[in-house]
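Reading the structure
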Amino acid sequence: KAGVTQTPRYLIKTRGQQVTLSCSPISGHRSVSWYQQTPGQGLQFLFEYFSETQRNKGNFPGRFSGRQFSNSRSEMNVSTLELGDSALYLCASSLAPSGGIGEKLFFGSGTQLSVL
Amino acid sequence: SQQGEEDPQALSIQEGENATMNCSYKTSINNLQWYRQNSGRGLVHLILIRSNEREKHSGRLRVTLDTSKKSSSLLITASRAADTASYFCATAGGNTGKLIFGQGTTLQVKP
């Protein structure tokens, strides 16, 4: 079974631009979560989608948005990029929503975004 | 804000020694998970322990959970150079429905 696929692997953008990151979950997984990882803040939860519905959202500004398609693939978008948005963006999939019932997450290798 | 806080932030040991990492959290949880991350890559799930469990084993890994102290520990026995990585605890609790990660412990195992 193929793992979680994130594209692109690396991305360089300039301030003010927007960016779209893609995540293909493991086949059969309907839940996709997104995390931002930086050296200073660690792993910060962005949002989670399950069956095309946003189930949870972290404390990020509205510039960060996401969506999930009927095939469970997910995209996240960051508009009006800032220098502080430079980070490793990780996507994870699971069979069911993470949290209460103890679903383990399967992570992709991430997209390393650099904002210049 | 982060739910889990890990201690120590960094740990350096010799191959063959045991490594112990601790995680403390703030609110009630349904379960606690440990993940490993090799440099710049995605995280890999190691083990899950539920709130009604006190100890769990998986190969060279031993996890304990003390809900009264809101803490967990991960023990890696007979460490190997390949265990060099960052280790994160993640908690899921209440109605938040999301998995929140700690800051992680960076483990270096010297050959």
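Let me begin by describing the structure that accompanies this report.

Quick notes on the rules
Residues numbered from 1 in each chain as written. Chains lettered and ligands numbered in written order. Predicted model: local features only at pLDDT ≥ 70, side-chain atom pairs only at ≥ 80, totals over all residues. Heavy atoms only, no water. Helix = DSSP H or I, 4+ residues; strand = E, 2+ residues; numbered from the N terminus. Rg over C-alpha atoms; globule rule 2.2 N^0.38 Å. Buried < 20%, exposed > 50% of the residue type's maximum accessible area, 1.4 Å probe, protein only. Contact = heavy atoms within 4.5 Å. Areas by Shrake-Rupley, 256 points an atom, 1.4 Å probe, with all protein chains shown as cover. Lys, Arg positive; Asp, Glu negative; His and termini not counted. Charge placed at Lys NZ, Arg CZ, Asp CG, Glu CD. Pairing = 2+ DSSP bridges. Axes fitted to C-alpha atoms, helices over the stretch in contact; angles between N-to-C directions. Polar contact = N/O pair within 3.5 Å; in protein donor to acceptor, adjacent residues only side chain to side chain. Disulfide = S-S within 2.5 Å. Buried area = accessible area lost by both parts, 1.4 Å probe. Salt bridge = Lys/Arg side-chain N within 4 Å of Asp/Glu carboxyl O.

The subject of this paragraph is the overall build of chain B. Helix and strand content of chain B: zero helices and eleven strands. In sequence order, chain B lays out its α and β elements as β-β-β-β-β-β-β-β-β-β-β. Computed over the C-alpha atoms, the radius of gyration of chain B is 13 Å, within 12% of the 13 Å expected from 2.2 N^0.38 for a compact globule of 111 residues. Summarising its shape, the C-alpha atoms of chain B cover approximately 45 × 30 × 20 Å along the three principal directions. Expressed as a percentage of the 111 residues in chain B, the buried residues total 48%. Long-range pairs, those at least 24 residues apart, make up 55% of the contacts in chain B with a sequence separation of at least 6. Accessible surface for chain B amounts to roughly 5,200 Å². Of this, 44% is attributable to carbon and sulfur atoms. Taking the 13 positively charged and 9 negatively charged side chains of chain B as two groups, their mean positions are separated by 6 Å.

Turning next to the sheet that holds strand S6 (residues 55-58) of chain B. Residues and elements named next belong to chain B. Pairing within the open sheet is antiparallel, and its five strands lie in the order S1-S3-S8-S7-S6. Each of the sheet's edge strands pairs with one partner strand only, and the pair in question is strand S1 (4-7) and S6. On average, adjacent strands in this sheet sit at an angle of 20 degrees to one another, irrespective of strand direction.

Moving on, we get to the side chain of Asn77(A). Residue and element names in this part refer to chain A. Mapped onto the elements of the fold, asparagine 77 is located in strand S8 (residues 74-78). For asparagine 77, a relative accessible area of 18% translates into the label buried. In this structure the side chain of asparagine 77 is engaged in a polar contact, spanning 3.0 Å, whose partner is the side chain of threonine 20.

This paragraph deals with the side chain of Thr111(A). Residue and element names in this part refer to chain A. As for its position among the elements, threonine 111 is in strand S11 (residues 111-115). Among the polar contacts listed, one links the side chain of threonine 111 to the backbone oxygen of proline 8, at a separation of 2.5 Å. Discounting chain neighbours no more than four positions away, the residues touching threonine 111 are Gln6, Thr7, Pro8, Arg9, Leu11, Leu21, Ala87, Leu88 and Tyr89.

For the rest of this paragraph, the subject is the sheet that holds strand S7 (residues 64-68) of chain A. Residues and elements named next belong to chain A. As summarised here, the arrangement of the four strands in space is S1-S3-S8-S7, forming an open sheet in which the pairing is antiparallel. What marks the edges here is a single partner per strand, and that holds for strand S1 (5-7) and S7. Across the sheet, the axes of successive neighbouring strands diverge by a mean angle of 15 degrees, strand direction being ignored. The pairing of strand S3 (residues 19-24) with S8 spans five bridges and is classified as antiparallel. For serine 22, the partnering residue across the bridge sits in S8 and is glutamate 75.

Turning our attention to the state of the cysteines. Residues and elements named next belong to chain A. Applying the stated criterion across every chain yields a total of two disulfides over all chains. Shown here is the disulfide that connects cysteine 23 with cysteine 91, its sulfur atoms set 1.7 Å apart. When the S-S torsion is -50 degrees, as for the bridge of cysteine 23 with cysteine 91, the disulfide is left-handed. Of this pair, cysteine 23 sits in strand S3 while cysteine 91 is found in strand S9 (residues 87-94), placing the two residues 68 residues apart along the sequence. A relative accessible area of 0% means that cysteine 23 is categorised as buried.

Right, let's talk about the interface of chain B and chain A for a bit. Facing the 22 residues of chain B at the interface are 26 residues of chain A. Taking both sides of the interface into account, the surface hidden between chain B and chain A amounts to around 1,800 Å²; carbon and sulfur atoms contribute 47%. Remark: the boundary between chain B and chain A carries zero salt bridges. Counting only elements with at least two residues in the side of chain B that touches chain A, the list comes to strand S4 (31-37), strand S5 (43-50), strand S9 (85-92) and strand S10 (100-101) of chain B.

None of the figures reported here should be taken as evidence of function without further support.
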